[in-house]
Amino acid sequence: MIFLDNAATSYPKPESVYTFMDSFYRRAGVNPGRSGYDLCMEAGELLDGTRKLLARFFNGTDPNRLCFTSNSTDALNLAIFGLLKEGDHAISTTIEHNSVLRPLYHLQKYGGIGVDLVPFDGEGFVDPAEIRRRFKPNTRVVVINHGSNVIGTVQPIREIGRLCREGEMALVVDASQTAGKIAIDVQADFIDVLAFTGHKSLLGPTGIGGLYVAEPVVIRQTRAGGTGVRSAEKLHLEEYPYRLEYGTPNILGAAGLNAGVNWVMEKGFGEIQAHETRLLTMLWEGLKSIDGVRMYCQNSLANHVSVLSFNVEGMEAGDTGTMLDVDHGIACRTGLHCAPLVHE
Ligand SMILES: Cc1ncc(COP(=O)(O)O)c(C=O)c1O
């Protein structure tokens, strides 16, 4: 089988991810941070070690500001609902995934939030000047997709970040498709909140992701519960990472994510990108040479992650996918993705 559905989730994972998850969970799969016995300490160290690893990976200044979530969707919900309040204005784009669009639409409908969506151009890129043009006195947040899960284009987040910094509004970056593929530097890129998922290019399992919240951004708490720390306090703890973490953490997921990130760091972005570019170019050149195949926003492969969309004239996308699967053992994604405005 040739697996080409890595934008949905990477598969298979490096062997070290499976073996470390298995060995760690058998040895120390207990509830971390709740007690002082040895295994509990070991589980806590794994969690905090993974926090440090990821904070370093994204060049964050404080590992405690790296909060674990279930995935990007969870992270983006925490950020969007926790940053915006009634009367605020938010800017985003038409290239977004539903994990950005739906929280924004929800707040637009029920939360008194104004939302502007900036369209991308014919090649799939958002012009930072178009974002700047929509700044209003009450704009609090700009939420931007870093790499598209439909057409693979990578947005100029550093330029957008610089504009947001000048305008004193928070930049939230959805790095679901880029974390683990492209170097992300929250300081140099002016990122205030970075949302990532563990199961794509960070090569961890499903069920874990996170949020890096740069100083001095304050995300309002929209949930509360147990943290294992200062349990007598009536209100949920205000300090990071507890501020945005609730209940028993996903220690098995953290183990897998730890092994996945270590694998990425050992390989290095250079080698990973060279490999993916070689495969993407092969596919791109092959598809270009077939009559009746139409690719989208793929005139050039510059500033693209390895996601490529195409249609075959006269065929439903689902039928093309079935043919690739049944006749050729190629697994890919077909039809409408969770970023409906890109398809429009
Ligand atoms: C661009 C983008 N944002 C957000 C998500 C949501 O990720 P998750 O399902 O892990 O929450 C995805 C997943 O496909 C994505 O591609």
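Structure: above.
Residues numbered from 1 in each chain as written. Predicted model: local features only at pLDDT ≥ 70, side-chain atom pairs only at ≥ 80, totals over all residues. Heavy atoms only, no water.

### Observations concerning the environment of Ala 183
- Within the secondary structure, Ala 183 sits in the loop between strand S6 (170-174) and strand S7 (193-197).
- Overall, Ala 183 belongs to the exposed group, its relative accessible area being 52%.
- Through-space distance from the C-alpha of Ala 183 to that of Glu 344 is 30 Å; in sequence the pair is 161 residues apart. (Helix = DSSP H or I, 4+ residues; strand = E, 2+ residues; numbered from the N terminus. Buried < 20%, exposed > 50% of the residue type's maximum accessible area, 1.4 Å probe, protein only.)

### Concerning the packing of helix H1 (residues 15-28) against helix H7 (residues 251-267)
- Look at H1 against H7: their axes get within 8 Å of each other, and the N-to-C directions meet at 145 degrees. The crossing of H1 and H7 is right-handed. In this structure, H1 contributes Ser 16, Val 17, Phe 20, Met 21, Phe 24 and Tyr 25 to the contact, and H7 contributes Ile 251, Leu 252, Ala 255, Gly 256, Ala 259, Gly 260 and Trp 263.
- Of the residues contributing to the contact of H1 with H7, the split by class is ten nonpolar, three polar and no charged. (Axes fitted to C-alpha atoms, helices over the stretch in contact; angles between N-to-C directions. Left-handed = near helix turned anticlockwise from the far one by under 90°. Contact = heavy atoms within 4.5 Å. Nonpolar A, V, L, I, M, F, W, Y, C, P; charged D, E, K, R; others polar.)

### Focus on the site of the ligand
- Not every one of the 14 residues close to the ligand is listed here, only the nearest: Thr 73, Asp 174, Thr 197, His 199 and Lys 200.
- Between an oxygen atom of the ligand and a side-chain N or O atom of Thr 197, the distance comes to 2.7 Å.
- Across the complex, the protein chains shield 88% of the 390 Å² of accessible surface that the ligand would expose by itself.
- Of the residues contributing to the shell around the ligand, the split by class is no nonpolar, twelve polar and two charged. (Near = heavy atom within 4 Å. Polar contact = N/O pair within 3.5 Å; in protein donor to acceptor, adjacent residues only side chain to side chain. Areas by Shrake-Rupley, 256 points an atom, 1.4 Å probe, with all protein chains shown as cover.)

### Remarks on the packing of aromatic side chains
- Evaluation of the coordinates by the stated rule reveals five aromatic pairs.
- Residues Phe 57 and Phe 269 carry aromatic rings whose centres are separated by 5.8 Å and whose planes lie at 45 degrees to one another, so their mutual orientation is tilted. Highlighted residues: Phe 57 in helix H2 (residues 38-57) and Phe 269 in helix H8 (residues 269-288), separated in sequence by 212 residues.
- A relative accessible area of 13% means that Phe 57 is categorised as buried.
- An aromatic cluster is present here, built from Phe 57, Phe 58, Phe 196 and Phe 269 joined pairwise through their rings.
- In this structure, Lys 288 is placed above the aromatic ring of Trp 284, and the distance from its NZ or CZ to the ring centre is 3.7 Å. (Phe/Tyr/Trp six-rings, centres within 6.5 Å; stacked < 30°, edge-to-face > 60°. Lys NZ or Arg CZ within 6 Å of the ring centre and 35° of its normal.)

### Quick notes on the sheet that holds strand S8 (residues 209-213)
- With mixed pairing, seven strands are arranged side by side in an open sheet as S2-S8-S7-S6-S5-S3-S4. Both edges of this open sheet fall to strand S2 (66-69) and strand S4 (114-118), since each of them pairs with a single strand only. Averaged over all neighbouring strand pairs, the angle between strand axes comes to 20 degrees, with direction disregarded.
- In terms of strand pairing, strand S3 (residues 89-93) meets S4 through five bridges, oriented parallel. Looking at the pairing, Ile 91 lines up with Asp 116 of S4.
- Those strands touched by helix H3 (residues 72-83) are S2, strand S5 (139-145), S6, S7 and S8, and its axis lies near 155 degrees from that of S7. (Pairing = 2+ DSSP bridges.)

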